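# Close look at the chain arrangement
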Amino acid sequence: MTQGSIDKHPLAERFYRLTPEEVADAVEVGGRRCTGRFTPLNSYENRVYQLELDDDSLVVGKFYRPGRWTREAIGEEHAFLSELGAAGFPVAEPLALASDTTIGEVVGISYAIFPKVVGRAPQELDDAQVKELGRLLARLHEVGARRSPRARSVLSPATYGRGELDHLLAEGHLPDEVRAVYAASVEALLGRIEPLFAGVPTHRIHADCHLGNLLWGRQGPTFVDFDDMTVGPAVQDVWMLVPSADEEGNRQRRLLVKEYAEHRAFDPAWLRLVEPLRALRFIRYSTWIARRRNDPSFRRTFPEFGTVQYWQREVQDLREQIARIDASM
């Protein structure tokens, strides 16, 4: 994965200006024909569109942000989806293109085509759904543990914490007023949580497994958007499916883990990583915005990013996480 500022990539401006004609031409590779009905879908990271084909079917075209993933890394995402699909796991596998590959290229930008998944992202989960997701997550991770990718990062305090802080400092994203206190807060957090990751097994995981990436239809849930697939601890996907930090969230996480453990080993002690992983996501999220700051859609969506007030809130959030972690140790 590219570690620099993604919005400085030579194709960044071209990515912002993809046209409907270019999208349709890409989707029609391999003999498909679009009707012209074309709907942009919500996605901050990539450019994603729903298109109608002349057989009345719907497909989704995903155009990957340049500089985010190498072609090899995208291939590893697709290979994981293929393995999951072969195991009967509910995912949308990328469709083959004309050259017998699932990765295409238009104006230098990599893209893939997926079948349209019918369903809605749940706002919250009842206990029956939590138990079903526990079973499914065990299956996902069982497949994830079979192979190790070469072009994907590892979720750890070093990568999601110290590496991201180094980028923020090197690129000057932190105002002088908060630079030292933010860096000290991150270092204090890392000093506490690094020992907690020792000995916890890692393997391929979804890594961004929040409810927005879960579409629930008549046949049950389908997991989508494996862009952030990485090597990390199983509990990352657990807490993202059930993120609440209150007692109800803790209860449902325990319920999910109990069901998971009926199908795949899960040490309840790994739940101690929930709050450390949540804190790492705070840091990762800020750096994610920073690397895309020149994208017009990011400037509109995150107008306060980079201000002293923004970083003061981040410092407060990190301090609250440190307090939660201290209280649990």
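Residues numbered from 1 in each chain as written. Predicted model: local features only at pLDDT ≥ 70, side-chain atom pairs only at ≥ 80, totals over all residues. Heavy atoms only, no water.

This brings us to the packing of aromatic side chains. What the rule picks out here adds up to 20 aromatic pairs. Ring geometry for Y260 against F266: centres 5.3 Å apart, planes inclined by 75°, an arrangement best described as edge-to-face. Assessed through its relative accessible area of 0%, Y260 is described here as buried. Overall, the relative accessible area of 7% leaves F266 in the buried class. By the ring-pair criterion, three or more aromatic residues cluster together here, those being Y44, Y285, W288, F298 and F302. Looking at R152, its charged tip hangs above the ring of W69, at a distance of 4.0 Å from the centre. It is R284 that lies over the ring of Y160; its NZ or CZ is 3.9 Å from the centre. (Phe/Tyr/Trp six-rings, centres within 6.5 Å; stacked < 30°, edge-to-face > 60°. Buried < 20%, exposed > 50% of the residue type's maximum accessible area, 1.4 Å probe, protein only. Lys NZ or Arg CZ within 6 Å of the ring centre and 35° of its normal.)

The buried count for strand 2 (residues 47-53) comes to seven of seven residues, which makes it a mostly enclosed element. The sheet contact formed by strand 1 (residues 34-41) and strand 2 spans five bridges and is antiparallel. For P40, the partnering residue across the bridge sits in strand 2 and is Y49. Between strand 1 and strand 2, which pair antiparallel and follow one another directly, the connecting turn spans five residues. Relative to strand 3 (residues 58-63), strand 2 runs antiparallel, the two being bridged by six bridges. Across the sheet, V48 pairs through a bridge with K62, a residue of strand 3. (Helix = DSSP H or I, 4+ residues; strand = E, 2+ residues; numbered from the N terminus. Pairing = 2+ DSSP bridges.)

Within the secondary structure, H9 sits in the segment before helix 1 (12-16). Taking the C-alpha atoms as reference points, H9 and H210, 201 residues apart in sequence, are found 28 Å from one another.

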